[in-house]
Amino acid sequence: PIDLFVQTQCSGDDGFVVNGLRFVLQGNTASGAPYYKAEGPGDDQLFYLYFDPNCDGYREGQGYWMIDDDEPSTVKTIDLDSDGKCSNLAFSASDNSFGPPLMQA
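The sections below set out a description of the structure shown in this document.

1. With respect to the environment of Thr77
- By secondary structure assignment, the location of Thr77 is in the loop between strand S5 (63-68) and strand S6 (90-94).
- Note on Thr77: relative accessible area 49%, which makes it partly exposed.
- Aside from chain neighbours lying at most four places away, what touches Thr77 is Ala30 and Pro53.

2. Some words on unusual backbone geometry
- With a phi angle near 45°, Asp79 is a residue other than glycine that sits in the positive phi range.
- Of note, Asp79 is situated in the loop between S5 and S6.
- Owing to a relative accessible area of 7%, Asp79 belongs among the buried residues under this scheme.

3. Remarks on the environment of Phe51
- Here Phe51 is to be found in strand S4 (residues 46-52).
- Between the alpha carbons of Phe51 and Thr29 there is a distance of 8.4 Å; along the sequence they are 22 residues apart.

About the thresholds
Residues numbered from 1 in each chain as written. Predicted model: local features only at pLDDT ≥ 70, side-chain atom pairs only at ≥ 80, totals over all residues. Heavy atoms only, no water. Helix = DSSP H or I, 4+ residues; strand = E, 2+ residues; numbered from the N terminus. Buried < 20%, exposed > 50% of the residue type's maximum accessible area, 1.4 Å probe, protein only. Contact = heavy atoms within 4.5 Å.

Here is the structure:
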């Protein structure tokens, strides 16, 4: 499995929380996109990195790679966290569902 490390430029508290986390491949969502899980620094803190082609389930268009504290559905094809909105800790707009945007260290 491929592990990913997150380094974010976010200045808010959420960016600080996810910065430096190690995301481990968990499997694929219904669209075939991979999804990852990381354990946070606090007790029972889990974070997920996944691609959602339509994060609120209503509008079509831009897909996003997201870091969220809600585990994504592996059977739904849109609004994978089932919240009806595009709510997450961090995101990157993308049309590429094969993997999150990467840069070499």
